[in-house]
There are 2 protein chains.
Amino acid sequence: MQSKILIKNACVLTMEKEEILKDQNIYILNNKIFHVGKEIQNFNPTYVIDAKKNLVMPGLINTHTHVAMTLLRNYVDDVNLEDWLFNYVFPIEDELTQKDIYYGALVGILEMIASGTTTFLDMYFFEDMAAKAAQKLKMRAFLGYGIAKNDLEARIIKTSNFFAKYEKNKLINPIVAPHAIYTNNDKSLQIAKELQEKFDALLTIHLNESRSEVENSLKEHNLTPVQKVDQFNLVNSKSIVAHAVHLNAKDIQTIKKNDATLVHNPISNLKLNSGIMDLLNLQNEGINITLGTDGAASNNTLDMFETIKIASLLSKYKNNTPIGIKAFDILKMATVNAAKALQMENELGKIQKGFLADLIIVDINNPAHKPQNNIINSLVYSTSKGDVLTTIVNGKVLYEDRKFKIIEQEQIEKILNQVEKIIKRVSKKIQKN
Amino acid sequence: MQSKILIKNACVLTMEKEEILKDQNIYILNNKIFHVGKEIQNFNPTYVIDAKKNLVMPGLINTHTHVAMTLLRNYVDDVNLEDWLFNYVFPIEDELTQKDIYYGALVGILEMIASGTTTFLDMYFFEDMAAKAAQKLKMRAFLGYGIAKNDLEARIIKTSNFFAKYEKNKLINPIVAPHAIYTNNDKSLQIAKELQEKFDALLTIHLNESRSEVENSLKEHNLTPVQKVDQFNLVNSKSIVAHAVHLNAKDIQTIKKNDATLVHNPISNLKLNSGIMDLLNLQNEGINITLGTDGAASNNTLDMFETIKIASLLSKYKNNTPIGIKAFDILKMATVNAAKALQMENELGKIQKGFLADLIIVDINNPAHKPQNNIINSLVYSTSKGDVLTTIVNGKVLYEDRKFKIIEQEQIEKILNQVEKIIKRVSKKIQKN
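Residues numbered from 1 in each chain as written. Chains lettered and ligands numbered in written order. Predicted model: local features only at pLDDT ≥ 70, side-chain atom pairs only at ≥ 80, totals over all residues. Heavy atoms only, no water.

## Structural notes on the overall build of chain A
At step 1: Scanning chain A for helices and strands turns up 15 helices and 18 strands.
At step 2: By the compact-globule yardstick of 22 Å for 433 residues, chain A fits well, its C-alpha radius of gyration being 21 Å.
At step 3: Residues counted as buried form 67% of the 433 residues belonging to chain A.
At step 4: Taken together, the 52 basic and 49 acidic charged side chains of chain A have centroids lying 5 Å from each other. (Helix = DSSP H or I, 4+ residues; strand = E, 2+ residues; numbered from the N terminus. Rg over C-alpha atoms; globule rule 2.2 N^0.38 Å. Buried < 20%, exposed > 50% of the residue type's maximum accessible area, 1.4 Å probe, protein only. Lys, Arg positive; Asp, Glu negative; His and termini not counted. Charge placed at Lys NZ, Arg CZ, Asp CG, Glu CD.)

As structure tokens, this is what we get:
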């Protein structure tokens, strides 16, 4: 049977224009937006949602996270980066099973759904488990097995199998994911490029995140991380470069010339003391910029509205101006710019006829949004995850009126109990070691 | 009749110790905490709240805001400070009536209640209207009429009458509020000190907020704003100094020596490009530091959990360390330090027998808090206003299970409609001028 959803009585921010449309009806036929407008269509919906004058906008796209790291949320904070990685993160990761990753991913995806994210891009190990979790919760995902010099052969096989398995999947999109400059060598970077070409795929990589990463790369290669991976043509129009906090003029020109996307992760960058990306200047260079939360272990949420606000505030600080990035431009980073990065600019990131029905309803009628002097600014400065009422992905209602629809409460409780058990087991194990 | 509330099945962060107590019962007799513990008391509660293993903690104390400025939320953003003040804020404020201020304050207080704030400190004009709004919604408030050199006589009368009127009120606490150095002169600063002494009152003032304010003060007085007001003994143990972004070593010593409190307003300071307070060093100096949202016109929320997270993140950036302020210390700023600033450290800011029953219940069992690796860190890094379930002020349940209890939904809608009308009327008027 066809699914025919009508969302009535909505304000709409299409992200096509910097404008709020009032009294709109949105018709969703199966997984696509069929019509948006004031007029009533002869549609016979199978499901009706009354938006009650709340705001419908494209779902948020989180272009950098490690969803299963949700297991390590608040596990250790306020410590030195090396201490964090070597004494906590890596030892714990060594103990995690495929099943653990599955449960970690489920919790992270639940959090994303409830905070208005409809697509995420992820790099980790056991990505098959992230794919399984995303499919269970009907979430759109771009997933890549981390590629590194260690166990390279196994990683190539995993990546290749992953592409084969999800070739025709509507929600799961495999990508190539060389981890970073410091975990790869020439051979593995070359392999990453070959895999990208073989599968004509998107690629993501961490680059120029911390000052020490750049310094070490200069020492070792006499090149910045961006310049080093550019030797292998890894900075290209299908590249999604995470962090890019410390870029020199040549790095910026390389990214610009090759039309790569940069992902700003402002919270993780502050929390791990990596620094603040120069968002305004990079935007002025015409570079496509998107937003990410990074993993919940270094944030400690997967809440894109929080990232939106902090990105906006930091752009002012970084450039010593109260003006900074315009609110609408920040929202573009979380929607249309991200769709462009994912090469889905004609399908995703806008509320428009023929586009995929990935959208959210935001409560703009509670006291925190009143008076509604400027709804676009309110989305950037006054909205937090608690304002997300409804989340629809690929035409399916995952969350409505602040309740999960895709999964029973009882099942959620089982998942949440399961992650508590996992982290207890793993903690005990690493304390012994 | 006595009010006897039992909150059962709670995790508790008392703020006395850095520790989460499990399986607790909290007994509230009238407006005070009667008992906290595992054991069942013979209490015969008149009202029972099942916390369902969620977290009870002291309500948050917002020590700097201008609640009626909620009317200007998102009215104009991303513009230069002078443009903002002179072309928007001041012309609008000139048009606001007492009734407008009342409605603006109601909306702001509703937002605060729903985001876990139980006490706020405010400076504005028509503070009688803020007092009326706080009383209607049963909110605890410290309110001061702004004192400035213009219309000084009228301001003195307003302040004096305000003290007389609320002398014995349990929720409304008048304070003395000289606005800032640039809106006062020697005479009005002297008057402010006399009023503070006359009423043995708390005093609040904006000081050293922006670089230009400090520069202008140095030019005009050959003294920083802190040094200038110190000539009138306005920096004392009952002073609550808002902002303090740009302090020199002598300013810091003055504040320290006189045991004044500093209010950190990280979001407003970023949004208006004032800078970042050096929180970590000021804490290390032993200065009492609290948190504020500032007004919704420069934030654009009154959400203390957002301020808590951003304060923590910025402390790392400012001091170039991933360590920064400890999560528990940030929470102290929003609770016990604030209670100390308000000279209520033996009544407010902790969950403890005999303390006022100002407390909140935070949902720590949704996916965004799981696994619960460290609940204290989760309150700082993973909590947002949507996690606030219940807010109790002075033993009265104002908000429960994410619904207002102190006011009917119909009345809320009237208030929200009213503020839309106010801002439309005022906008039309100032566009004509």
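Now that the structure is up, let's keep going.
## Here we look at the relation of the copies chain A and chain B
At step 1: The transformation that overlays chain A on chain B combines an axial shift of 0.0 Å with a rotation of 180°, and the residual RMSD is 0.0 Å. Considering both components of the superposition, the chain copies are consistent with a two-fold axis. Every residue of chain A has its C-alpha some distance from the rotation axis, and the shortest such distance is that of A:Gly386, at 1.9 Å.
At step 2: Looking at the interface residues of chain A, 100% of them are also at the interface in chain B, so both copies use one shared face. (Least-squares fit on C-alpha atoms with pLDDT ≥ 70 in both. Contact = heavy atoms within 4.5 Å.)

## Quick look at the nonpolar core
At step 1: Counting residues in hydrophobic clusters, the biggest one holds 248 residues, and the most contacted among them are A:Met57, A:Ile109, B:Met57 and B:Ile109.
At step 2: Those residues in contact with B:Ile109 that sit more than four places away from it in its chain are B:Val67, B:Phe120, B:Ala130, B:Ala133, B:Ala134, B:Leu137 and B:Met139. (Core = buried A, V, L, I, M, F, W, Y, C linked by side-chain atoms within 4.5 Å.)

## So, the domain arrangement of chain A
All names here are of chain A.
At step 1: Partitioning chain A into domains gives domain 1 (4-58 + 354-403) and domain 2 (60-341).
At step 2: For domain 1 versus domain 2, the distance between C-alpha centres works out to 28 Å.
At step 3: The interface of domain 1 with domain 2 comprises 27 residues on the first partner and 28 residues on the second.
At step 4: Across the domain 1 to domain 2 interface the summed buried area is about 2,300 Å²; carbon plus sulfur atoms make up 69%.
At step 5: Put simply, domain 1 and domain 2 have 2 salt bridges between them.
At step 6: Residue Arg-140 pairs with Asp-358 through a salt bridge whose shortest N-O separation is 2.7 Å.
At step 7: Across the contact surface, domain 1 and domain 2 share 7 residue pairs in polar contact (both at pLDDT 80 or more).
At step 8: At the level of secondary structure, the elements contributing two or more residues to the side of domain 1 that touches domain 2 comprise strand S5 (55-58), strand S15 (359-362), helix H14 (375-381), strand S16 (388-393) and strand S17 (396-400). (Domains from an automatic or database assignment. Buried area = accessible area lost by both parts, 1.4 Å probe. Salt bridge = Lys/Arg side-chain N within 4 Å of Asp/Glu carboxyl O. Polar contact = N/O pair within 3.5 Å; in protein donor to acceptor, adjacent residues only side chain to side chain.)

## Let's talk about the interface of chain A and chain B
At step 1: Taken together, the 61 residues of chain A in the interface contact 61 residues of chain B.
At step 2: When the two sides are added together, the surface that chain A and chain B hide from each other amounts to roughly 4,900 Å², 56% of it contributed by carbon and sulfur.
At step 3: In terms of surface lost to chain B, no three residues of chain A exceed A:Asp78, A:Tyr317 and A:Pro367, which account for 14% of the buried area on that side.
At step 4: Between chain A and chain B we count 8 salt bridges in total.
At step 5: Measuring nitrogen to oxygen at the nearest pair gives 3.1 Å for the salt bridge that ties B:Lys385 to A:Asp387.
At step 6: Across the contact surface, chain A and chain B share 36 residue pairs in polar contact (both at pLDDT 80 or more).
At step 7: When residues of the side of chain A that touches chain B are traced back to their parent elements, those giving at least two are helix H2 (98-114), helix H9 (266-271), helix H11 (304-318), H14 and helix H15 (409-432) of chain A.
At step 8: Considering each element in turn, the side of chain A that touches chain B owes the most residues, 7 residues, to H11(A).
At step 9: Residues of the side of chain A that touches chain B, tallied by class, amount to 27 nonpolar, 21 polar and 13 charged. (Nonpolar A, V, L, I, M, F, W, Y, C, P; charged D, E, K, R; others polar.)

## Let's talk about the environment of A:Asn269
Residues and elements named next belong to chain A.
At step 1: Assignment of secondary structure puts Asn-269 in helix H9.
At step 2: Between the C-alpha atoms of Asn-269 and Tyr-47, which are 222 residues apart in sequence, the distance is 42 Å.
At step 3: Not counting residues within four places of it along the chain, the set of residues in contact with Asn-269 comprises Glu-209, His-243, Val-245, His-264, Ser-274 and Gly-275.

## Observations regarding helix H2 (residues 98-114) of chain B
Each α-helix turn comprises 3.6 residues. Residues three or four places apart therefore point the same way.
Residue and element names in this part refer to chain B.
At step 1: Between its first and last C-alpha atoms H2 spans 25 Å; for 17 residues at 1.5 Å apiece the expected length is 24 Å, and the two agree.
At step 2: Of all 17 residues that make up H2, 15 are buried, and the element is covered over most of its length.
At step 3: Phi turns positive one or two residues past the end of H2, at Gly-116, with a value near 95°. (Expected span 1.5 Å × (residues − 1).)

## Overview of the packing of aromatic side chains
At step 1: Tallying each qualifying case throughout the model produces 23 aromatic pairs over all chains.
At step 2: With centroids separated by 5.4 Å and ring planes inclined at 70°, the aromatic side chains of B:Tyr102 and B:Tyr103 adopt a geometry described as edge-to-face. For the residue pair B:Tyr102 and B:Tyr103, the accessibility class agrees, reading buried in each case.
At step 3: Ring geometry for B:Phe162 versus B:Tyr166: centroids 5.2 Å apart, planes at 70°, classification edge-to-face.
At step 4: With a relative accessible area of 5%, B:Tyr166 lands in the buried category.
At step 5: Sitting above the plane of the B:Tyr381 ring, A:Lys271 keeps its charged end 4.6 Å from the centroid. (Phe/Tyr/Trp six-rings, centres within 6.5 Å; stacked < 30°, edge-to-face > 60°. Lys NZ or Arg CZ within 6 Å of the ring centre and 35° of its normal.)

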